[in-house]
2 protein chains.
Amino acid sequence: MREAFHDQLDGIFIDLSGMCRLVEEEVREATSALLTGDAATAERVISADRAVDAAREKIEDTCFQVLSLQQPVAGDLRMLVSALRMVSEVERMGDLSVHVAKIARLRTPDVAVPLQVRPTVEQMAIVAQDMVSRVCQIISERDIEAAVELGRDDEEMDQLRRRSFAELLGDEWNHGVEAAVDIALLGRYYERIADHAVSVANRVVYTVTGELRGRRED
Amino acid sequence: MREAFHDQLDGIFIDLSGMCRLVEEEVREATSALLTGDAATAERVISADRAVDAAREKIEDTCFQVLSLQQPVAGDLRMLVSALRMVSEVERMGDLSVHVAKIARLRTPDVAVPLQVRPTVEQMAIVAQDMVSRVCQIISERDIEAAVELGRDDEEMDQLRRRSFAELLGDEWNHGVEAAVDIALLGRYYERIADHAVSVANRVVYTVTGELRGRRED
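All figures in this text were calculated on a predicted structure; none of them were measured in a lab.

### Focus on the interface of chain B and chain A
- The interface of chain B with chain A comprises 42 residues on the first partner and 42 residues on the second.
- Carbon and sulfur atoms make up 56% of the area that chain B and chain A hide from each other, which totals about 3500 Å².
- Between the two partners, chain B and chain A, sit two salt bridges.
- Salt-bridge contacts for A:Glu60 lead to B:Arg85; the nearest nitrogen and oxygen are separated by 2.9 Å.
- When residues of the side of chain B that touches chain A are traced back to their parent elements, those giving at least two are helix 2 (39-70), helix 3 (74-107), helix 5 (144-169) and helix 6 (176-209) of chain B.
- Element by element, the count of residues in the side of chain B that touches chain A is highest for helix 3 of chain B, at 15 residues.
- A class-by-class count of the residues in the side of chain B that touches chain A yields 21 nonpolar, five polar and 16 charged.

Right, dumping it as structure tokens:
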């Protein structure tokens, strides 16, 4: 019974990591659509989100089956409930890349991001994408050390967000209100993707060690 | 056993409704801080969020205790797992009001919302607050009809958000980039509060009927 349970649990984490890879691809493509103004890429992200939703449903169903049939207690129970919460957070990261893609689509064939803030926005996207990529790995390998490290790197996103505000609100800004609003919202979306990655990483730590790391008040 | 279980479940929903009332107060006060520029009120919201976090922890602990001790299956299991998810969403609504309060604090003693968009922002705040208030009631009474109705009212928030963008990007806008960025982010926060209220209402429907209503792709 215990062995069957742990096989099922492993299966859930493998599926969750696979779903995370779909989301990683969404984030990458959304950023590409954003920085090139390519409508077809933006559309692809928006459609791809259905596959992520389907993956979520499958994982949720499996979790409930295992919960019902195996009746886990203590640590095992917490692990399954954590998996259910992680699946929601990974799905949210996908939704947020759809939001990025929608801003790209709204401005196409123009590019929503003016050259002046492109380095900052691009760096935000790189950080977010890297965090998603690392969290996929962390899920599949339940790698505590990498998870703890991910939590630390969150600071870079905060700095980038502050830098983007300084750019938007500085005297040099001459791209008007529309672009500024786009950049502010894009910053929010990338920041939230990073927040979710950290939160998922913390849940992985928790499922392995039983210890819940401090949650960001965000 | 079954009776004890249902008493415990009722207790969880009562606590969740109580936590929701704390968040309702946070949303109300955050809006008040925003529209008056009152720093003390903004600070009060930011500090009050600790009580919401404490309420979340208490409810989560109870859920895990009940899950471990009662080993519920099928509908009862889904109800408890739903409660765990609702508690996260109610907490997020609190976090989002903290974000509103932080924008208020950033601009105090000025008011972040220019008169030109005040009617729209105020209406967004009213809709969000009303939805939170109704969802607290829906949780405590497990009122399916009210929950289904709440899902329908979400459309008003979407319209208000579109209206606010039209105002920010119209020719009449003469409040500059900073105010526009504030309004765009405030709109996002109120919209997310409303989304979470709808999502919690849908989960209440699910806990009672076993049917999960269509989730918004957002």
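Further notes follow.
### Side note on the packing of helix 3 (residues 74-107) of chain A against helix 6 (residues 176-209) of chain A
Residue and element names in this part refer to chain A.
- Contact geometry of helix 3 with helix 6 gives a least axis separation of 9 Å together with a crossing angle of 165 degrees. With respect to each other, helix 3 and helix 6 are oriented roughly antiparallel. Once helix 3 is placed against helix 6, the crossing between them reads as left-handed.
- For the contact of helix 3 with helix 6, the per-class residue count stands at 16 nonpolar, six polar and nine charged.

### Brief notes about the relation of the copies chain B and chain A
- Expressed as a screw operation, the relation of chain B to chain A combines 0.0 Å of axial shift with a rotation of 180 degrees, fitting to an RMSD of 0.0 Å. What we have between these two chains is a two-fold relation.
- Same-surface contact between copies: 100% of interface residues of chain B are shared with the interface of chain A.

### As for the UniProt feature "domain: PhoU" (unreviewed entry) in chain A
All names here are of chain A.
- Per the UniProt entry, the sites bearing "domain: PhoU" (unreviewed entry) are residues 17-103 and 122-204 in this numbering.
- End-to-end, the C-alpha atoms of residues 17-103 are 27 Å apart, and along that stretch the chain is 94% helix and 0% strand.
- Here residues 122-204 runs as 90% helix and 0% strand, with 28 Å between its end C-alpha atoms.

### Considerations on the state of the cysteines
Residue and element names in this part refer to chain A.
- Per the counting criterion, the structure on display carries two disulfides over all chains.
- Put simply, cysteine 20 and cysteine 136 are joined by a disulfide, and their sulfur atoms are 2.4 Å apart. An S-S torsion of about -85 degrees defines the bridge between cysteine 20 and cysteine 136 as left-handed. Taken together, the positions of cysteine 20 in helix 1 (residues 2-36) and cysteine 136 in helix 4 (residues 118-141) put the pair 116 residues apart, joining distant regions of the chain. The pair cysteine 20 / cysteine 136 is uniform in exposure class, with both members buried.

### Here we look at the packing of helix 1 (residues 2-36) of chain B against helix 6 of chain B
All names here are of chain B.
- In the contact formed by helix 1 and helix 6, the axes pass within 13 Å of each other and the chain directions differ by 165 degrees. Between helix 1 and helix 6, the interaxial angle falls into the category roughly antiparallel. The two elements helix 1 and helix 6 meet at a crossing, and its hand is left-handed. Each of Phe13, Val27, Thr31 and Leu34 in helix 1 lies in contact with helix 6, whose residues at this interface are Leu186, Tyr190, Ile193 and Thr207.
- In terms of residue class, the contact of helix 1 with helix 6 is made up of six nonpolar, two polar and no charged.

### Points about helix 3 of chain B
- The end-to-end C-alpha separation of helix 3 of chain B is 51 Å, in line with the 50 Å expected for 34 residues at 1.5 Å each.
- For helix 3 of chain B, the buried fraction is high: 27 of the 34 residues fall into the buried class.

### Points about the environment of A:Arg105
All names here are of chain A.
- Within the secondary structure, arginine 105 is located in helix 3.
- In this structure the C-alpha to C-alpha distance between arginine 105 and alanine 51, which are 54 residues apart in sequence, comes to 20 Å.
- The contacts of arginine 105, once residues within four sequence positions are left out, are Ala42, Glu43 and Ile46.

### As for the confidence of the model for chain A
- Considering every residue of chain A, the mean pLDDT works out to 92; 96% of them sit at 70 or more.
- The least confident element of chain A is helix 5 (residues 144-169) of chain A, whose mean pLDDT is 92; the most confident is helix 4 of chain A, at 97.

### What to know about unusual backbone geometry
- With an omega dihedral of 5 degrees, the bond running from A:Thr108 to A:Pro109 counts as a cis peptide bond.
- As for its placement among the helices and strands, A:Pro109 is situated in the loop between helix 3 and helix 4.
- Even without a glycine there, the phi angle at B:Gln71 is positive, about 45 degrees.
- Summarising the element assignment, B:Gln71 is placed in the loop between helix 2 and helix 3.
- Classification of B:Gln71 as partly exposed rests on a relative accessible area of 24%.

### A few points about empty space enclosed by the protein
- In total, this model carries one cavity of 30 Å³ or more according to the counting rule given.
- In this structure, the largest cavity spans a volume of roughly 50 Å³.
- Lining the largest cavity are A:Leu67, A:Gln71, A:Pro72, A:Leu77, B:Leu67, B:Gln71, B:Pro72 and B:Leu77.
- For the lining of the largest cavity, the class distribution of residues is six nonpolar, two polar and no charged.

### Some thoughts on the pattern of salt bridges
- This model, assessed by the stated rule, comprises 42 salt bridges over all chains.
- Of the charged contacts, one joins A:Glu29 and A:Arg44 as a salt bridge, the two residues approaching to 2.9 Å between their closest N and O atoms. Taken as a pair, A:Glu29 in helix 1 and A:Arg44 in helix 2 (residues 39-70) lie far apart in primary sequence, 15 residues in all.
- By relative accessible area, A:Arg44 is classed as partly exposed at 43%.
- By sharing partners, the salt bridges in this structure join A:Arg56, A:Glu57, A:Glu60, A:Glu91 and B:Arg85 into a single network.

The rules behind these values
- Residues numbered from 1 in each chain as written.
- Chains lettered and ligands numbered in written order.
- Predicted model: local features only at pLDDT ≥ 70, side-chain atom pairs only at ≥ 80, totals over all residues.
- Heavy atoms only, no water.
- Contact = heavy atoms within 4.5 Å.
- Buried area = accessible area lost by both parts, 1.4 Å probe.
- Salt bridge = Lys/Arg side-chain N within 4 Å of Asp/Glu carboxyl O.
- Helix = DSSP H or I, 4+ residues; strand = E, 2+ residues; numbered from the N terminus.
- Nonpolar A, V, L, I, M, F, W, Y, C, P; charged D, E, K, R; others polar.
- Axes fitted to C-alpha atoms, helices over the stretch in contact; angles between N-to-C directions.
- Parallel < 35°, antiparallel > 145°, perpendicular 65-115°, else oblique.
- Left-handed = near helix turned anticlockwise from the far one by under 90°.
- Least-squares fit on C-alpha atoms with pLDDT ≥ 70 in both.
- UniProt positions renumbered as here; feature names shortened; annotations may be inferred.
- Disulfide = S-S within 2.5 Å.
- Buried < 20%, exposed > 50% of the residue type's maximum accessible area, 1.4 Å probe, protein only.
- Expected span 1.5 Å × (residues − 1).
- pLDDT = per-residue confidence, 0-100.
- 1 Å grid on protein atoms, 1.4 Å probe; cavity = no way out; pocket = protein on both sides within 12 Å on 5 of 7 lines; lining within 4 Å.
- Points joined across faces, edges and corners; volume = space filled by probe spheres on them.

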